[in-house]
Amino acid sequence: MTAVVLAATLAGCGEDGPRDGATDGARDDGTRRGSVLPGASEAGRPNSAAGTGSSGWTGGFANPTRVPGIGDRMWAKVPREARQVVTVHGEGPDSPDATVRLYTRKQSTWTREHTWPAHNGRKGWTPNHRENDKRSPVGVFTLSDAGGLLPDPGSALPYEHNEAFTPPSYWPDAKRNDFDHVIAVDYNRVRGTTPLDPTRPRGQSKGGGIWLHLDHGYGTSGCVSLPREAIVSLLRTLDPADHPVVVMGDKKTLSR
């Protein structure tokens, strides 16, 4: 039963053989229960903090009412109520290397809390995923559910501790701990369910199972992988009451 559940779900951050390679995703044009779509904010309107002109990537806070590196078009998709934003800035459209940052908002001011190295899909990024394309989805997505093979480290998000997160036995040793802890990206999935839920509202051909999970040192099948301390920190920090979202893509696309 465990193998069946994980295999069904890991058309996401999984592996289709002894190498890195299952499927991750497709564009989510109509998920249920309020998922943030690549073309609109969760509230269906621009973020009130969105300002004028492109913020570009400055690496700093040219405008403290904006998260740096996010341009007008992408910023307009961030829900007004979001007070926690995780950014994933990929080095390039075809690169597996990325940097993850956590920002929090108090009143109208955003503050960077953490920065970590990361990896994304081994073939880079795309705004229109297909199953097994080995690219990570570009967009703004809510973060609502978590889980893992290891016990809950103190997550504020709903957390499912389940042995079904055990990677297949044929995976290489480097990936045996990938799913010790995961955070589901609400991309072609039903919010409020375990990350293991294989339901794909837009169809299996558009992929799914996009997670933030532990890093194994190289590109993924479409998920975003981070150091263990980063995943634990995010689990302990991201709070449903603060409406956390992830803004993810290559630097150039996110800056538009």
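Asks: Teacher, can you tell me more about the nonpolar core here?
Replies: The tendency in soluble globular proteins is for nonpolar side chains to be buried side by side. Among the nonpolar cores identified, the biggest contains 42 residues, and Ile-183, Val-185, Leu-212, Leu-226 and Leu-234 are the most heavily contacted of them. Apart from residues lying up to four places away in sequence, Leu-226 is in contact with Val-100, Trp-116, Pro-117, Ala-118, Leu-212, His-213, Leu-214, Asp-215, Ile-231 and Leu-234.

Asks: What exactly am I supposed to notice about the pairing of strand 3 (residues 109–119) here?
Replies: Successive side chains on a regular strand alternate, one facing one side of the sheet and the next facing the other. In terms of strand pairing, strand 2 (residues 97–106) meets strand 3 through 10 bridges, oriented antiparallel. Note that in strand 3 the partner of Thr-99 across the bridge is Pro-117.

Asks: Looking at this structure, how should I read the side chain of His-119?
Replies: Tracing the backbone through its elements, the reader meets His-119 in strand 3. By relative accessible area, His-119 is classed as buried at 13%. At a separation of 2.7 Å, a polar atom in the side chain of His-119 contacts the side chain of Asp-215.

Asks: Can you help me understand the confidence of the model for the chain in this one?
Replies: The pLDDT averaged across the chain works out to 82; a share of 76% of its residues lies at or above 70. Note on residues 1–5: pLDDT is under 50 here. Beyond four places in sequence and across chains, it has four contacts. Below pLDDT 50 for its whole length, residues 14–60 participates in 174 contacts with residues either more than four positions away or in separate chains.

Asks: Hey, could you run me through the pattern of salt bridges in this one?
Replies: Side-chain pairs of opposite charge can arise whenever the charged atoms involved come near each other. This model, assessed by the stated rule, comprises eight salt bridges. In this structure, Asp-186 engages Arg-189 in a salt bridge whose closest nitrogen and oxygen atoms are separated by 2.6 Å. Take Asp-186: its relative accessible area is 0%, and that puts it in the buried class. Within the structure, one salt-bridge network assembled from shared partners comprises Asp-145, Asp-186, Arg-189 and Arg-191.

Rules behind the numbers
Residues numbered from 1 in each chain as written. Predicted model: local features only at pLDDT ≥ 70, side-chain atom pairs only at ≥ 80, totals over all residues. Heavy atoms only, no water. Core = buried A, V, L, I, M, F, W, Y, C linked by side-chain atoms within 4.5 Å. Buried < 20%, exposed > 50% of the residue type's maximum accessible area, 1.4 Å probe, protein only. Contact = heavy atoms within 4.5 Å. Pairing = 2+ DSSP bridges. Helix = DSSP H or I, 4+ residues; strand = E, 2+ residues; numbered from the N terminus. Polar contact = N/O pair within 3.5 Å; in protein donor to acceptor, adjacent residues only side chain to side chain. pLDDT = per-residue confidence, 0-100. Salt bridge = Lys/Arg side-chain N within 4 Å of Asp/Glu carboxyl O.

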